[in-house]
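# Overview (structure and organization)
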Amino acid sequence: MMSDLNAQAIKKYGNSFLKEVEANVEEGEWVKMCMQCGVCSGSCPFGPHWAHPPQEIFMMIRAGKREEVLTSDSMWMCTSCYNCIVRCPRKLPITHIMHGLANYAHRLGLAPKNQPTRVFAKMFWDNIVKTGRVNELKLSLGLYFKDGLGPGIKTALAMKDIGLGMLKAKRLNPLELVKGHGCKDTKGIHAMLKKAREIEDRRKGFAA
Ligand code: SF4
Ligand code: SF4
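Before going into details, it helps to say that this report is about the structure given with it. Remember, predicted model here, so these are calculated numbers, not experimental data.

### Remarks on the nonpolar core
Ranked by internal contacts, the top residues of the largest apolar core, which has 32 residues, are Ile57, Phe58, Ile61, Ile94 and Leu101. The set of elements that each furnish at least two residues to this core consists of helix H1 (4-13), helix H2 (17-24), helix H4 (54-62), helix H5 (66-70) and helix H7 (94-108). Counting residues per element, this core draws most heavily on H7, which supplies eight residues. Residue contacts for isoleucine 94: discarding those within four places in its chain leaves Cys40, Pro54, Phe58, Cys84, Ile85 and Cys88.

Right, here's the structure in full:
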């Protein structure tokens, strides 16, 4: 089922995907400056393994390939190495655009559901937002067991030496699983994030 936000975006921007990106994606106004030289794709360590390296993504945006771009897993593969940014002759903030596109696709409900980076990013966000501080133990266990009990036990056993080392160095506290370690004003954090989202949606012309 199409998300409300996605339906609103389609209604608002029609066939102009470039305009949509310029208005809603971090640094999206830079996309039109790309001259398709291919330096970014050639510099990207993951370029050959992506369905669509940055140069291609920017070309697809300008060609109006909205669904192909927003459902792609390519933006989620960016490791923020910044190779592309330092080499782009037009100085496009490519890394930020890639992350901005991933974030926008996620908000519209179009991002690939099981893409590993997206799964981790969502787990991290949910974890930190809950109490205002990240609970590393819960996050690690959630990640290990996300595909079920069997794979979880296997991963936990494979990582046991690192875990024990962290316990010894007091970098891991098992009690955090029970008592947690949130910040003092969790409600305040939630209210602040809600307000920030409302302001951003208003600025972009979406209903809050
Ligand atoms: S290096 Fe810059 S100008 Fe060249 S294709 Fe990549 S984004 Fe476009
Ligand atoms: S910052 Fe991202 S897109 Fe740019 S070269 Fe590195 S991995 Fe590739």
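Moving on from the coordinates now.
### Re the site of ligand 1
Close to ligand 1 lie 13 residues; Cys34, Cys37, Gly38, Cys40 and Cys88 are nearest. Looking at the shell around ligand 1, the elements that each hand over two or more residues are helix H3 (39-43) and H4. Its residues assigned to classes, the shell around ligand 1 shows 10 nonpolar, three polar and no charged.

### Quick word on the environment of threonine 117
Mapping threonine 117 onto the fold places it in helix H8 (residues 116-131). Spatially, the C-alpha atom of threonine 117 lies 6.0 Å from that of tryptophan 76, the residues being 41 residues apart in sequence.

Calculation notes
Along each chain, residue indices are assigned from 1 in the same order as the chain's sequence is written. Chain letters and ligand numbers both follow the written order, the letters beginning at A and the numbers at 1. Two thresholds apply to this predicted model, a pLDDT of at least 70 for residue-level local features and 80 or more for giving and counting side-chain atom pairs, whereas whole-chain, interface and lining totals are computed over all residues. Think of the side-chain values as coming from all heavy atoms in the structure, minus any hydrogens and water. Nine residue types can take part in a nonpolar core, namely buried Ala, Val, Leu, Ile, Met, Phe, Trp, Tyr and Cys, and a core is a set of them joined through side-chain atoms within 4.5 Å. The rule is simple: take the accessible area with a 1.4 Å probe, protein chains only, and divide by the maximum for that residue type; under 20% is buried, over 50% is exposed, in between is partly exposed. The secondary structure listing takes helices from DSSP runs of H or I that are at least 4 residues long and strands from runs of E that are at least 2 residues long, numbered from the N terminus. Only heavy atoms enter the contact rule, under which two residues are in contact if any of them lie within 4.5 Å. Here a residue counts as near a molecule or strand whenever at least one of its heavy atoms sits within 4 Å of it. Note that Gly is not counted as nonpolar here; it falls among the polar residues with everything else outside the nonpolar set of Ala, Val, Leu, Ile, Met, Phe, Trp, Tyr, Cys and Pro and the charged set of Asp, Glu, Lys and Arg.

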